[in-house]
Every structure is written in C-alpha cells, then in structure tokens.
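Now for the letters of each chain:
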Amino acid sequence: MSHYIVPFSVFEQMIQDGQCADTPQLLYHYLDMSEEYAERLNINDAMSLHQRVFNVLLDTVCDTSLAIYWRETCLDMLYRPLGNLKRLIITYQDAKSYFKLEHDLRTLSHYFLSTLQQEGNESR
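Residues numbered from 1 in each chain as written. Predicted model: local features only at pLDDT ≥ 70, side-chain atom pairs only at ≥ 80, totals over all residues. Heavy atoms only, no water.

**Student:** Is there a simple way to think about the overall build of the protein in this case?
**Tutor:** Helix and strand counts for the protein come out as six helices and zero strands. The N-to-C order of helical and strand elements in the protein reads α-α-α-α-α-α. As presented, the protein carries roughly 7700 Å² of accessible surface, and 52% of it is formed by carbon and sulfur atoms. (Helix = DSSP H or I, 4+ residues; strand = E, 2+ residues; numbered from the N terminus. Areas by Shrake-Rupley, 256 points an atom, 1.4 Å probe, with all protein chains shown as cover.)

Structure, rendered in structure tokens:
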C-alpha cells in the first residue's frame with residue numbers, strides 16, 4: 001500500500017465493491033485509519049464514524065455479488081467498529097442504538113452465513 005493520502009470514501013468504495021478482495025491489508029488499513037481519526041473527534045462524531053464503518057462492512061457482508069472470502073473477511077472484522085462503539089456508550093440512547101446494531105449484525109450474519117455456506121458447498 002502506498003503512503004499517498006487516499007480519501008476515506010475511496011477506501012469505503014473499494015471495500016464495498018470488493019475491488020481488493022485479494023488484499024485484506026486494505027481493509028485493515030481502513031479500520032486502523034478510522035480508529036486513528038476517531039481519536040481526534042468528539043464522542044458524537046466518533047460514534048458516527050464507527051457506525052459508518054460498521055455499516056460499510058455490514059453492507060459488504062450482505063452483498064451476494066462479492067467473493068465469499070471477501071464477505072467473510074469483512075464479517076470477521078465487524079467486531080472492531082462494534083467494540084469501538086461499545087466503549088463510547090454514555091447514555092441510554094447510545095446503548096439502545098448499540099444494541100440495535102448488535103441485533104442487526106446477529107440477524108443479518110445468521111442469514112448471510114447460511115447463504116455463504118450454501119455458496120461454498122455449491123462451489124465444491
């Protein structure tokens with residue numbers, strides 16, 4: 001990965017499009033970059049950023065047009081923005097929003113994991 005500054009949204013688009021599915025370092029760099037950036041924000045903005053990252057990864061997991069291994073890699077990394085959000089919970093509303101994301105993850109990952117397993121079995 002080059003050291004040139006690439007806009008955050010470009011990384012998101014590359015992840016969602018699966019353009020670098022064979023390069024998980026892109027995903028790790030995106031997560032590291034988002035965490036470093038969030039440290040410089042106030043709590044509300046940091047929460048918004050972590051939620052944005054969570055949504056990018058979850059949307060990627062749910063995109064059946066992408067390679068299975070890329071979707072699985074994104075699913076495996078969803079714990080990072082979710083854990084970052086959990087650490088920022090202050091109010092009841094924050095907790096409510098967090099538990100909704102957690103519920104969405106459980107529901108969608110259960111559905112898409114079964115789809116991933118079916119696709120994996122069909123490709124064998």
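**Student:** What is the right way to read the side chain of R80 from this model?
**Tutor:** Along the chain, R80 falls in helix α5 (residues 79-87). A distance of 2.8 Å separates polar atoms of two side chains, one belonging to R80 and the other to E35. (Polar contact = N/O pair within 3.5 Å; in protein donor to acceptor, adjacent residues only side chain to side chain.)

**Student:** How do you make sense of the pattern of salt bridges when you look at a structure like this?
**Tutor:** Between side chains of opposite charge, pairing is possible as soon as their charged atoms come close. For the coordinates displayed, the defined rule picks out five salt bridges. One salt bridge connects E102 with R106, and the closest N-O pair in it is separated by 3.5 Å. Here the residue E102 and the residue R106 both occupy positions in helix α6 (residues 92-123), the gap between them amounting to four residues, near one helical turn. (Salt bridge = Lys/Arg side-chain N within 4 Å of Asp/Glu carboxyl O.)

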